[in-house]
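A structural walkthrough
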Amino acid sequence: MRGAVRKRKRMAGYVAKVLNAFGKNKTGFSIGKVVYAERLDCAFCRGTGLNRKDAKCPVCGGSGHNQIHPPALPCAYCRGDGHGVAALTCPVCRGKGVVSVREPLKGCPRCGGTGRNQTDRLYCVTCEGKGVVTARKSE
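What you see is a predicted model; the values in this text were computed from it and never measured. (Residues numbered from 1 in each chain as written. Predicted model: local features only at pLDDT ≥ 70, side-chain atom pairs only at ≥ 80, totals over all residues. Heavy atoms only, no water.)

**Concerning the overall build of the chain**
When helices and strands are tallied, the chain shows 1 helix and 6 strands. Of the regular secondary structure in the chain, the N- to C-terminal order runs α-β-β-β-β-β-β. Counting across all 139 residues of the chain, residues that qualify as buried make up 39%. Residue pairs at least 24 apart in sequence account for 63% of intrachain contacts in the chain once pairs closer than 6 positions are excluded. Total accessible area on the chain stands at roughly 8800 Å², and carbon and sulfur atoms take up 51% of it. (Helix = DSSP H or I, 4+ residues; strand = E, 2+ residues; numbered from the N terminus. Buried < 20%, exposed > 50% of the residue type's maximum accessible area, 1.4 Å probe, protein only. Contact = heavy atoms within 4.5 Å. Areas by Shrake-Rupley, 256 points an atom, 1.4 Å probe, with all protein chains shown as cover.)

**A closer look at the packing of aromatic side chains**
As enumerated under the stated definition, the model contains 1 aromatic pair in all. Seen from their ring centres, Tyr77 and Tyr123 are 6.4 Å apart, and the 90 degrees between their planes marks the pair as edge-to-face. Linking Tyr77 in the loop between β3 (72–74) and β4 (98–100) with Tyr123 in the loop between β5 (105–107) and β6 (132–134), this pair joins segments that are 46 residues apart in sequence. Given a relative accessible area of 37%, Tyr123 falls into the partly exposed group. Directly above the ring of Tyr77 sits Arg116, whose terminal nitrogen or CZ lies 4.3 Å from the centroid. (Phe/Tyr/Trp six-rings, centres within 6.5 Å; stacked < 30°, edge-to-face > 60°. Lys NZ or Arg CZ within 6 Å of the ring centre and 35° of its normal.)

**Overview of the side chain of His83**
Looking at where His83 falls in the secondary structure, it is placed in the loop between β3 and β4. A distance of 3.3 Å separates a polar side-chain atom of His83 from the backbone oxygen of Phe44. Not counting residues within four places of it along the chain, the set of residues in contact with His83 comprises Phe44, Arg52, Cys78, Leu88 and Cys90. (Polar contact = N/O pair within 3.5 Å; in protein donor to acceptor, adjacent residues only side chain to side chain.)

**Brief notes about the pattern of salt bridges**
Summed over all chains, the structure comprises 1 salt bridge. Notably, a salt bridge pairs Asp81 with Arg46, separated by 3.7 Å at the nearest N-O pair. With Asp81 in the loop between β3 and β4 and Arg46 in the loop between β1 (39–41) and β2 (65–67), this residue pair connects regions lying 35 residues apart in the sequence. Look at Asp81 and you get partly exposed, because its relative accessible area is 30%. (Salt bridge = Lys/Arg side-chain N within 4 Å of Asp/Glu carboxyl O.)

**Quick notes on the nonpolar core**
Across soluble globular proteins, nonpolar side chains have a tendency to be buried as a group. One finds Cys75, Tyr77, Cys78, Cys90, Val92, Cys93 and Val99 forming the largest nonpolar core, which totals 7 residues. Excluding residues that lie within four positions of it along the chain, Tyr77 makes contacts with Val85, Cys90, Pro91, Val92, Thr114, Gly115, Arg116, Arg121, Leu122, Tyr123 and Gly129. Core analysis: the second largest hydrophobic core is formed by 6 residues, Cys42, Cys45, Cys57 and Val59 among them. (Core = buried A, V, L, I, M, F, W, Y, C linked by side-chain atoms within 4.5 Å.)

**A short note on the environment of Val125**
Structurally, Val125 can be placed in the loop between β5 and β6. Judged by its relative accessible area of 60%, Val125 falls in the exposed class. Along the primary structure Val125 and Cys111 are separated by 14 residues, whereas in three dimensions their C-alpha atoms are 9.1 Å apart.

Set out below in structure tokens:
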């Protein structure tokens, strides 16, 4: 048990160093810390369970919480807000505000960590809008 916890902390430290090396990307949004929780407040409704028209939130089903698969990072495409273009549900995180990732991580070489194409409003195909890609062990 202690070995697993130690390994997770070591890996979290490694990921934090990698992400801190990238600093702020072109939009001024910094990629957040790795989340290991399995349940988080819904980003789309901000944990209230209701959408803007006082109806049940379509993302969390009105519970105010979402299940995630750790490890996870805040969504780079919507900046953790859960809303995409024109206040619709974010196509990358599907409104949860976080995306599951596979460690070890490195910043996306194509979009520079923004999760967006430079020419249009679509998400980056290389990182699938997450802003990070899985690094090879040799890197």
